[in-house]
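# Survey of secondary and tertiary structure
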Amino acid sequence: MSEHPYLEVRHLKKYFMTPNGPLHAVDDVNFTLEKGRTIGLVGESGCGKSTLGHMIARLLDATDGEILLEGDDILKYKGRKLKDLRRRIQIIFQDPFSSLNPRKTVYNTIAEPIIIQKMYKSKKEIEDRVFEIMELVGLAERYVNVYPHELDGGRRQRVGIARALALNPELIVCDEPVSALDVSIQAQILNLLKRLQQQFGYTYIFITHDLSVVKHFAQDVLVMYLGQLVEQAPVKELFAHPRHPYTQGLLSAIPSTDIDNVKERIILKGEITSPINPPDECRFAARCEYVSDACRQKAPQLQLLGEDHLVSCFSPLD
Amino acid sequence: MNDKMNETLNAPEAKAEETAGMAAGKTADGSENLLDVRDLTVEFHTDSGIVQAINGLTFSLTTTALAIMGLINCPPGFYKSGEIIYKGKDLMKISESEYLKIRGREISMIFQDPMTALNPVMPVIDQISEVIKNHKHISAKEAREEAIEMLKVVRIPPERADEYPHQFSGGMRQRIVIAIALACNPNLLIADEPTTALDVTIQAQVLEMMRELKDNFNTSMIMITHDFGVVAETCDKVAIVYAGEVLEAGTKRDIFKNPCHPYTVGLFGAIPNLNEDTEFLYQIEGLMPDPMDLPKGCPFAPRCSCAKDICHVEKPCVSRLPGEDHVVKCHKYTGSDENAEIVNEEWRDE
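First things first, this report covers the structure right here in the doc. The numbers attached to residues start from 1 for each chain and follow its sequence in the written order. To label them, take the chains in the order written and letter them from A, then take the ligands in the order written and number them from 1. It should be noted that, the model being predicted, local features are given only for residues of pLDDT at least 70 and side-chain atom pairs only at 80 or more, the latter also being counted only at that level, while totals for whole chains, interfaces and linings use all residues. Hydrogen atoms and water are omitted, and side-chain values are computed over all heavy atoms in the structure.

### Here's the deal with the interface of chain B and chain A
- Contact criterion: two residues are considered in contact whenever any of their non-hydrogen atoms come within 4.5 Å of each other. Taken together, the contact pairs 45 residues of chain B with 42 residues of chain A.
- Across the interface of chain B and chain A, roughly 3,700 Å² is buried in total on both sides, 57% from carbon and sulfur atoms.
- Definition used for salt bridges: Asp or Glu carboxyl oxygen within 4 Å of a side-chain nitrogen of Lys or Arg. Here chain B and chain A share 0 salt bridges between them.
- Think of a polar contact as two N or O atoms within 3.5 Å of one another; within protein, one of them needs to be a possible hydrogen donor and the other a possible acceptor, and neighboring residues in sequence only count if both atoms come from side chains. Taken together, the connections running from chain B to chain A amount to 0 residue pairs in polar contact (both at pLDDT 80 or more).
- Within the residue set of the side of chain B that touches chain A, elements represented by two or more residues are helix 1 (57-69), helix 6 (170-182), helix 7 (200-217), helix 8 (228-234), helix 9 (252-257) and helix 10 (262-270) of chain B.
- Strands here are runs of E lasting at least two residues and helices are runs of H or I lasting at least four, both read from the DSSP assignment and numbered beginning at the N terminus. The element that contributes the greatest number of residues to the side of chain B that touches chain A is helix 7 of chain B, accounting for 7 residues.
- Its residues placed into classes, the side of chain B that touches chain A shows 20 nonpolar, 12 polar and 13 charged. Accessible area that two parts lose when put together, evaluated with a 1.4 Å probe and summed over both, is termed the buried area. Three classes are used, and their members are as follows: Ala, Val, Leu, Ile, Met, Phe, Trp, Tyr, Cys and Pro are nonpolar, Asp, Glu, Lys and Arg are charged, and the others, Gly among them, are polar.

Below, the structure is given as structure tokens:
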């Protein structure tokens, strides 16, 4: 194998220009991901996790930085090369209600990437592939000619997954694939994604705000806050020893189904600081209960604690 | 025409849907329940004369909530039968003008999506004072003062009173919706997935606040949700609803510690557990039945792993289980009011 990690994100930035100044959606994010693994990306809405996912899927251009796929910067890809890249990286969107074209049947939705990429030429082969994928994601053949509005949320999400899998990609960005679904359907979709990973060795970037789903699904977790990574660790380590005050608050905010052990809640006070022209200080300072003068003077950098636990905080918790 | 959308609460004392926080409930005359929903059936008719499909757990629950609020438009919705008894009065039989006095004042509702529940072209303070003005018949100035008090209760700075909904974050918007719902100090608050659209940290803030307000204002609450974590934290009693029917109901302890209906057991299994490592989640196969074409027997039978022949042809009746008010509607259990839990013979060897 090459010496490059499968996916490496370096100093990635995305600023959106607004009338009030640049909105720092993603601000200097670095991480690496090995092939066949799942990395969970968690954080509140508006923290830039979807923007990051969309940049990796090349749906958004970056303001600055590099995304290296096996050592090659995919942000520089254009034309033919970019089109080939689409075969390798696919995305599953959050909302199965708005991410499907209401005027395309299930068949046309799934066949479209196959036709565009000229993966198969003959009608028969395309048809076979569509049915193969539908079977893979658990969609009955009878749905092949129905429109999205005729399907319920769970099946619609399966169509979204089928479309992403049609080209047999390597890396799949899952942008909150189960947030819009009920628990029983959520379990079906999570099991499906996991089974597919075991079968085909997919690499997942799993974006969610549901920490219990991440715990179940990912091997590594990145915690984002206002466009920046605040903590990165293997999933067990992160849940056992959260070192950043924000992660700690996030973990304690999960409603527990254990009615006998009511845990002590850390309620994060206040609202998120505006990402437009953020001040040069720790972005979590306004909501942090351990805030000190140092936090107000400059922004902390990610530092390595222990073997593979990265935290961006001046006074990490024990 | 097989057009029935049943929303039946057969449990003898079932008070509410999915989850109900009734502990702080004050009752009109001691012994009576604040709210009694009995055998309620609601139908929806569409253009083609067939019943509108209401798909999904949340939808059928929302319908019941809307029925209690008297907000189902006729047509397409029709109250077929049943009673919604509030303080001894059947809400199905009262006139619209009487309903106007109850709605918002005595029974109010928090809607799921704070984006669509607020009027985008009206400053938030006017949206709160509107309720107060209509119900208390006081001057606009007094209503505004009271509305500002409500804003303080939900911890929104009064300086922001004249801003529009789009200027607030999702969590703040949901708190404004809560302020509107609580403005007249209602006896009963129906919360329809109040935190589903929110992030965990903001959800924690909102839940904390709702619990606080429930205690301070002594309000009864019906919480509609699919999140068992939210139930565990806010509710006292739970009813599990599937395809418009209550399949199991009981106290929080009964349901969480001794789930009996296969559907309840399945739901608990499907939640990723933070304290355990499992390779795959328990998965309830299949999907909700089409409400236009519900199964003849138990509505859950087609997806149930322990269904027997009888489940597909005959509706199960309500069995009472040991424990306070723990009832289940499943052929696996046979029992009557006097009998404790009896597992049906056919299932005994499992």
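Back to the write-up after that little detour.
### Some details on the packing of helix 4 (residues 124-136) of chain B against helix 5 (residues 140-153) of chain B
Residue and element names in this part refer to chain B.
- Direction vectors running N to C along helix 4 and helix 5 enclose 120°, while the axes themselves pass 8 Å from each other. Regarding the angle of helix 4 to helix 5, the classification is oblique. Viewed along their axes, helix 4 and helix 5 form a crossing whose handedness is right-handed. Counting all contacts with helix 4, which are made through Ile125, Ile128, Ser129, Ile132, Lys133 and Lys136, the residues of helix 5 involved are Ala140, Ala143, Arg144, Glu146, Ala147, Ile148, Met150 and Leu151.
- Residues of the contact of helix 4 with helix 5, tallied by class, amount to 9 nonpolar, 1 polar and 4 charged. Lines fitted to C-alpha atoms define the axes, with helix axes restricted to the stretch in contact, and inter-axis angles between N-to-C directions lie between 0 and 180 degrees. Here the angle decides the label: under 35 degrees means roughly parallel, over 145 means roughly antiparallel, 65 to 115 means roughly perpendicular, and every other value means oblique. By the definition used in this description, the sense in which the near helix is turned from the far one sets the handedness, with an anticlockwise turn below a right angle giving left-handed and a clockwise turn giving right-handed.

### Some words on the sheet that holds strand 1 (residues 7-18) of chain A
Residue and element names in this part refer to chain A.
- The antiparallel open sheet is built from 4 strands, whose spatial order is 2-1-4-5. Strands at the two margins of the open sheet, each flanked by one partner only, are strand 2 (21-33) and strand 5 (72-73).
- The pairing of strand 1 with strand 2 spans 10 bridges and is antiparallel. Within the sheet, the bridge partner assigned to glutamate 8 lies in strand 2 and is threonine 32. We call two strands paired when DSSP finds no fewer than two bridges between them.

### Things to note about the layout of surface pockets
Residues and elements named next belong to chain B.
- For cavity detection a 1 Å grid was placed over the protein atoms alone, and a set of points counts as a cavity when a 1.4 Å probe fits there but cannot get out; an open set counts as a pocket when protein lies on both sides within 12 Å along at least five of seven lines, with lining residues being those that have an atom within 4 Å of a point. Grid points are joined across faces, edges and corners, and a volume is the space filled by probe spheres set on the points. In this structure, the second largest pocket spans a volume of roughly 600 Å³.
- Residue lining of the second largest pocket: 20 residues in total, with Gly104, Phe111, Glu130, Val131 and Ile180 positioned closest to the centre.
- Contributions of two or more residues to the lining of the second largest pocket are made by strand 5 (107-110), helix 4 and helix 6.
- Here the lining of the second largest pocket is built from residues that sort into 12 nonpolar, 6 polar and 2 charged.

### Points about the sheet that holds strand 7 (residues 171-175) of chain A
All names here are of chain A.
- Taken in spatial order, the 8 strands of this open sheet run 6-7-8-3-9-10-12-11, and their pairing is mixed. Looking at strand neighbours, the two that pair on one side only are strand 6 (89-92) and strand 11 (303-305), the edges of this open sheet. Each strand of the sheet is rotated relative to its neighbour by a mean of 20°, with strand direction disregarded.
- Sheet topology places strand 7 next to strand 8 (residues 203-208); 5 bridges connect them, and they run parallel. Of the residues in strand 8, the one forming a bridge with cysteine 174 is phenylalanine 206.
- The strands that helix 5 (residues 153-165) touches are strand 6 and strand 7; relative to strand 6, the one it contacts most, it runs at about 175°.

### Considerations on the pattern of salt bridges
Residue and element names in this part refer to chain A.
- Tallied over the entire structure, the rule returns 23 salt bridges over all chains.
- Arginine 287 is the salt-bridge partner of glutamate 44, the closest N and O atoms lying 3.2 Å from each other. Here arginine 287 lies in the loop between helix 9 (245-252) and helix 10 (293-297) and glutamate 44 lies in the loop between strand 3 (38-42) and helix 1 (49-56), a separation of 243 residues in the sequence. Assigned by exposure class, glutamate 44 and arginine 287 land together as buried.
- We note a salt bridge from arginine 296 to glutamate 281, for which the minimum N-O separation is 3.7 Å. Here glutamate 281 lies in the loop between helix 9 and helix 10 and arginine 296 lies in helix 10, a separation of 15 residues in the sequence.
- When a residue's accessible area, from a 1.4 Å probe over protein chains only, is under 20% of the maximum for its type it is buried; when over 50% it is exposed; and in between it is partly exposed. You can call arginine 296 partly exposed: its relative accessible area is 43%.

### Let's talk about helix 6 of chain B
Residues and elements named next belong to chain B.
- Helices are assigned an expected span. That span is 1.5 Å times one less than the residue count. In a regular helix each residue adds 1.5 Å, so 13 residues correspond to 18 Å; helix 6 covers 18 Å between its end C-alpha atoms and thus fits that length.
- Within helix 6, 12 of the 13 residues are buried, which leaves it mostly tucked inside the rest of the structure.
- By the burial criterion, the buried members of helix 6 are Gly171, Met172, Arg173, Gln174, Arg175, Ile176, Val177, Ile178, Ala179, Ile180, Ala181 and Leu182.
- Those residues of helix 6 that are buried are in contact with strand 5, helix 3 (114-117), helix 4, helix 5, strand 6 (188-192) and helix 7.

### A look at unusual backbone geometry
- Despite not being glycine, Lys118(A) has its phi angle at roughly 50°, a positive value.
- Counting through the fold element by element, Lys118(A) comes out in the loop between helix 3 (106-116) and helix 4 (123-136).
- Its identity is not glycine, yet His137(B) carries a phi of approximately 50°, on the positive side.
- Relative to the helices and strands, His137(B) is located in the loop between helix 4 and helix 5.

### What about the side chain of Glu231(A)?
All names here are of chain A.
- Relative to the helices and strands, glutamate 231 resides in strand 10 (residues 228-234).
- There is no salt bridge for the buried glutamate 231, and the closest opposite charge comes from arginine 243, which lies 6.2 Å off by N-O distance.
- Separated by 2.9 Å, the side chain of glutamate 231 and the backbone nitrogen of arginine 243 make a polar contact.
- Apart from residues lying up to four places away in sequence, glutamate 231 is in contact with Val221, Leu222, Val223, Leu238, His241, Pro242, Arg243, His244, Thr247, His309, Leu310 and Val311. Charged residues are defined narrowly, with Lys and Arg counted positive, Asp and Glu counted negative, and His plus the chain ends left uncounted.

Nothing here speaks to function; it is all geometry.
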